[in-house]
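Spelled out, the chains give:
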Amino acid sequence: MSKLIPVVLSGGSGSRLWPLSRSLRPKQFLGVTEDATLFQLTLQRLQGITADVMRPIVVANNDHRFLVGEQCREAGIEPLSILLEPVARNTAPAITVAALAAQERGDDPVLLVLPSDHTFANVPAFHHAVRVGLQAAEAGALVTFGIVPTHAETGYGYVKAAQALDANAAVPVAQFVEKPNLATAQAYLQEGSYTWNSGMFMFNASVFLQELAQHNPAMLSACEAAWRLGSKDLEFVRLDKEAFAQTPSDSIDYAVMEKTAKAVIVPLDAGWSDVGAWSAVWQVLPQDDQGNATRGDVLLEGVTNSYVHADNRLVALIGVDGLVVVETSDAVLVAHKDKAQDVKKVVDTLKAQKRPEVDVHREVFRPWGSYDSVDSGERFQVKRIVVKPGAKLSVQMHHHRAEHWVVVSGTARVCIGDETKLITENQSVYIPVGVVHSLENPGKLPLHLIEVQSGSYLGEDDIVRFSDQYGRV
């Protein structure tokens, strides 16, 4: 049996799950359906597929690198490699550099390509489909996994099988088709040989690269250069930006799967969801007798068929039907469940207005911990800062602001100019404008402190870094 390397694609933006999902912390890195994040659930789902499953290769957006590293550690999984895309170039280039990385040690493994933001109600059925696909991949086929449709869906592409679908075998693909209208989707459902395109694939690394060389040689050449000229940075591999930017931005469907003669399909009936909108989240979560699904501190009176997510405070609904209500610390969404896909229009408006709510939450995560902007006004800002044990912020200075730090719990090692001191609970320090300083947690417990900034400009770009253990500039 061939070695099996999962390839986890984690570069999506998840804009339809705003306001919970933001560009710098998208849905795959959030606990949307349970406490573990969708990315972590994807990693956990790999356990037990086969005896020969290896550590995964993760392909990630450069802006999400520390989220990926931290969530892998929380899940107890050490990736074989974390490849950082300097620019977004769709799934085909991401899979190509993963295939090159998989061959780095001279092996030629089978790759199982998985998006990081899907859910499965029936994990054993998922494992069974993968094992069926593995046999076909070892025989030289390019496998796609088709989701057995439960209804006439217009939001997905479809894959048509060339013969009757078989849960225990891979059959040839007849055609990949774009998202249909409702009448066409209904016809697909009745016909029986069409499945939803899941975005999941399996193939031998060398076979995929050979097919790419035949059907899209420019992409292969650019990806080979990006991989060859890339550099190691901590636990990450940074692909060369200039070379990677030259690759066409195509999906694997368009670049290879629609053109190859080696495409086969394995049907997958495992309670799949791409959690692509709040209505989909409502569908996958347990519902009460009135058809409501909730997360957080929620009170319902006379409410039916609704989804309510409360992040920070009590949310109460009375006498409504079919709503989505999502509360975060800095935004609240209220929508009819049937219009959940239109959340992307709100995100587009926020982008056009250059609003920060499209990119970040009030609480912002950093490799050293997090900060929560709890209050702000003219010439001041108050943050609650948490520093992980052993972590250190960069050595830095500010041109326009002074800072006051008050330790709430834990111990801080603070360097201000040439002076270093330990500060413990209920103690404070002052950092004047223009003075080089750093903050470190030397203890074994999280450090909690309150930071009060004051000055003429309080933006995050007023940071001059002199050294940083996380490689930031």
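Located above this text is the structure these notes cover.
Residues numbered from 1 in each chain as written. Predicted model: local features only at pLDDT ≥ 70, side-chain atom pairs only at ≥ 80, totals over all residues. Heavy atoms only, no water.

Novice: What is the right way to read the overall build of the protein from this model?
Specialist: Helix and strand content of the protein: 11 helices and 30 strands. Taken against the 2.2 N^0.38 rule, which gives 23 Å for 473 residues, the C-alpha radius of gyration of the protein at 24 Å falls within 12% of a compact globule. Along the first, second and third principal axes, the C-alpha set of the protein runs to 75 × 60 × 40 Å. Expressed as a percentage of its 473 residues, the buried residues of the protein come to 52%. If you take every contact in the protein between residues at least 6 apart in sequence, the share linking residues at least 24 apart comes to 69%. (Helix = DSSP H or I, 4+ residues; strand = E, 2+ residues; numbered from the N terminus. Rg over C-alpha atoms; globule rule 2.2 N^0.38 Å. Buried < 20%, exposed > 50% of the residue type's maximum accessible area, 1.4 Å probe, protein only. Contact = heavy atoms within 4.5 Å.)

Novice: Would you take a moment to explain the side chain of Gln381 for this structure?
Specialist: Summarising the element assignment, Gln381 is placed in strand β22 (residues 380–387). Each residue touching Gln381, except ones within four places of it in the same chain, is listed here: Ser373, Asp375, Ser376, Glu451, Val452, Gln453 and Leu458.

Novice: Would you explain the packing of aromatic side chains in this entry?
Specialist: A ring pair, where both rings are aromatic, is described by two values, the distance of the centres and the angle of the planes. By the definition in use, this model includes 10 aromatic pairs. Seen from their ring centres, Phe66 and Phe236 are 6.0 Å apart, and the 80° between their planes marks the pair as edge-to-face. Of this pair, Phe66 sits in helix α2 (residues 65–74) while Phe236 sits in strand β11 (residues 236–238), placing them 170 residues apart in sequence. Note on accessibility: Phe66 and Phe236 belong to one class, buried. Ring centres 5.1 Å apart and planes at 55° place the aromatic pair Tyr158 and Tyr188 in the tilted group. Note that Tyr158 is positioned in strand β7 (residues 158–161) and Tyr188 in helix α5 (residues 182–191), a separation of 30 residues in sequence. (Phe/Tyr/Trp six-rings, centres within 6.5 Å; stacked < 30°, edge-to-face > 60°.)

Novice: I keep staring at the pattern of salt bridges and nothing clicks. Help me out?
Specialist: A complete count under the given rule lists 22 salt bridges for this structure. The partner of Arg401 in a salt bridge is Glu403, with the nearest N and O atoms 2.9 Å apart. Accessibility assignment for this pair places Arg401 and Glu403 in one class, buried. Salt bridges linked by common partners bring Glu70, Arg73, Glu235 and Lys388 together as one network. (Salt bridge = Lys/Arg side-chain N within 4 Å of Asp/Glu carboxyl O.)

Novice: Looking at this structure, how should I read the pairing of strand β25 (residues 412–416)?
Specialist: Moving residue by residue along a regular strand, the side chains alternate between the two faces of the sheet. The alternating pattern of β25 places Ala412, Val414 and Ile416 on a buried face and Arg413 and Cys415 on a face that is not buried. Sheet topology note: the β25/strand β26 (residues 419–423) ladder contains five bridges and is antiparallel. What sits directly across from Val414, in β26, is Lys421. Where β25 hands over to β26, the hairpin turn is made up of two residues, of which Gly417 adopts a positive phi near 65°. (Pairing = 2+ DSSP bridges.)

Novice: Sorry if this is basic, but what is going on with the sheet that holds β22 here?
Specialist: Note on sheets: strands pair through backbone hydrogen bonds, and any given pair is parallel or antiparallel. What the six strands build is an open sheet, ordered β20-β21-β22-β29-β24-β27; its pairing is antiparallel. Where the open sheet ends on each side, the last strands, each with one partner, are β20 (363–366) and β27 (428–431). In this sheet, adjacent strand axes meet at a mean angle of 20° when their direction is disregarded. (Axes fitted to C-alpha atoms, helices over the stretch in contact; angles between N-to-C directions.)

Novice: Sorry, what's going on with the packing of helix α3 (residues 91–102) against helix α6 (residues 205–215) here?
Specialist: Two quantities define a packed helix pair, namely the angle between the axes and the distance from one axis to the other. For the pair α3 and α6, the least separation of the axes is 10 Å and the interaxial angle reads 130°. Judged by the inter-axis angle, α3 sits oblique to α6. Once α3 is placed against α6, the crossing between them reads as left-handed. Where α3 approaches α6, its residues Ala92, Ile95, Thr96, Ala99 and Leu100 are matched on the opposing element by Ala205, Phe208, Leu209 and Leu212. For the contact of α3 with α6, a count of residues per class yields eight nonpolar, one polar and no charged. (Parallel < 35°, antiparallel > 145°, perpendicular 65-115°, else oblique. Left-handed = near helix turned anticlockwise from the far one by under 90°. Nonpolar A, V, L, I, M, F, W, Y, C, P; charged D, E, K, R; others polar.)

Novice: Whenever I open this one, the nonpolar core confuses me. Can you help?
Specialist: A general feature of soluble globular proteins is that nonpolar side chains tend to end up buried together. Core analysis: the largest hydrophobic core is formed by 46 residues, its most contacted members being Ile57, Leu83, Leu111, Phe203, Phe208 and Ile252. At nine residues, α3 tops the list of elements feeding residues into this core. If sequence neighbours within four positions are ignored, Ile57 has contacts with Ile5, Pro6, Val7, Val8, Leu80, Ser81, Leu83, Ala98, Ala101 and Ala102. (Core = buried A, V, L, I, M, F, W, Y, C linked by side-chain atoms within 4.5 Å.)

Novice: Can you walk me through helix α11 (residues 343–352) in this structure?
Specialist: In an α-helix, one turn spans 3.6 residues, which is why side chains three or four residues apart end up on the same side. Here α11 has its buried residues at Val343, Val347 and Leu350. Seen along its axis, α11 keeps its buried residues to an arc of 60°; they face one direction. α11 presents Lys345 and Ala352 as exposed residues on the side facing more than 90 degrees away from its buried surface. For α11, the elements touching its buried residues are α10 (278–284) and β19 (332–336). (Arc of directions from axis to C-beta.)

Novice: Explain the environment of Arg16 here, please?
Specialist: Within the secondary structure, Arg16 is located in the loop between β1 (4–9) and α1 (38–44). Separated by 331 residues in the primary sequence, Arg16 and Val347 place their C-alpha atoms 8.0 Å from one another. Setting aside residues up to four positions removed in sequence, Arg16 forms contacts with Gly276, Ala277, Trp278, Gln341, Val343 and Lys344. Side-chain polar atoms of Arg16 contact the side chain of Gln341, separated by 2.7 Å. (Polar contact = N/O pair within 3.5 Å; in protein donor to acceptor, adjacent residues only side chain to side chain.)

Novice: Where do I start with α3 in this structure?
Specialist: Its 12 residues place the ends of α3 16 Å apart at the C-alpha level, agreeing with the 16 Å of an ideal helix rising 1.5 Å per residue. Burial analysis of α3 places 11 of its 12 residues in the buried class, which makes it a mostly covered element. Within the span of α3, buried status applies to Ala92, Pro93, Ala94, Ile95, Thr96, Val97, Ala98, Ala99, Leu100, Ala101 and Ala102. (Expected span 1.5 Å × (residues − 1).)

Novice: Where do I start with the sheet that holds strand β16 (residues 307–310) in this structure?
Specialist: If you walk across this open sheet you meet the four strands as β14-β16-β18-β19, and the pairing is mixed. If you trace the sheet from one side to the other, it starts and ends with β14 (293–295) and β19, each paired once. Across this sheet, the average inter-strand angle for adjacent strands is 5°, counted without regard to direction. Pairing analysis gives three bridges linking β14 to β16, with the strands arranged parallel. Bridge pairing in β16 places Ala293 opposite Tyr307.

Novice: Would you take a moment to explain the environment of Gly443 for this structure?
Specialist: With respect to the helices and strands, the residue Gly443 is situated in the loop between β28 (437–440) and β29 (447–455). Residue class for Gly443 comes out partly exposed when judged on its relative accessible area of 28%. As a C-alpha pair, Gly443 and Ala412 span 31 residues in sequence and 8.0 Å in three-dimensional space. Not counting the four nearest positions on each side in its chain, Gly443 is found in contact with Pro389 and Gly390.

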